[in-house]
Structures are given as C-alpha cells and as structure tokens.
Amino acid sequence: MFQKNEGGLDRVLRIVLGLALIALVFVGPATPWGWLGLVPLLTGLFGTCPLYSLLGLRTCPLPKT
C-alpha cells in the first residue's frame, strides 16, 4: 500500500519514543497528551511516514536494481 521510507534506526527510535509517550498516559504526569505517541509508534511499526512522503524524504536504503 505505502512504500517504506524509514530506515532501521529511524524505525527503532520512533517505536521507543512512541512507547515512552504512551507510558505517560499511565505513569508520571498521567497526561492524555501521551496518546500522541501512537503516531510515531504506528509509523515505526509500518515503516512509512506520510510526512516523509510529502517532503520526498527517506531514511531507508534505496532498493537494489
């Protein structure tokens, strides 16, 4: 469906950041703003970022031809 545009390190960082933000909903300040962590979590899991697509960016290696 969507072409992957995130590299391995980018994906790992997004997943870790997403989980950390979601954890804020349950511990710490218990703020609902932590649900914004779903955005980096899902983009990290799927390997595609809509904003990267709009800007023409990619952090993953180019496919071999």
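It should be emphasised that the depicted structure is a prediction, and the values quoted were computed from it without experimental measurement. (Residues numbered from 1 in each chain as written. Predicted model: local features only at pLDDT ≥ 70, side-chain atom pairs only at ≥ 80, totals over all residues. Heavy atoms only, no water.)

Caption draft 1: Highlighting the side chain of Asn5. With respect to the element layout, Asn5 can be found in the segment before helix H1 (8-26). Residue Asn5 is classed as buried on the basis of its relative accessible area of 4%. Reaching out from Asn5, the side chain makes a polar contact with the backbone nitrogen of Cys49 at a distance of 2.9 Å. Ignoring any residue separated from it by four or fewer positions in sequence, one finds Asn5 in contact with Gly47, Thr48, Cys49, Tyr52, Ser53, Leu57, Arg58, Thr59 and Cys60. (Helix = DSSP H or I, 4+ residues; strand = E, 2+ residues; numbered from the N terminus. Buried < 20%, exposed > 50% of the residue type's maximum accessible area, 1.4 Å probe, protein only. Polar contact = N/O pair within 3.5 Å; in protein donor to acceptor, adjacent residues only side chain to side chain. Contact = heavy atoms within 4.5 Å.)

Caption draft 2: Up close: unusual backbone geometry. Backbone geometry at Ala30 places phi at a positive 50 degrees, although glycine is not the residue there. Tracing the sequence through the fold places Ala30 in the loop between H1 and helix H2 (38-46).

Caption draft 3: Fine view of the confidence of the model for the chain. Confidence in the prediction for the chain averages 91 pLDDT; 98% of positions are at 70 or higher. Highest mean pLDDT in the chain belongs to H2 (96); lowest belongs to helix H3 (residues 50-55) (93). (pLDDT = per-residue confidence, 0-100.)

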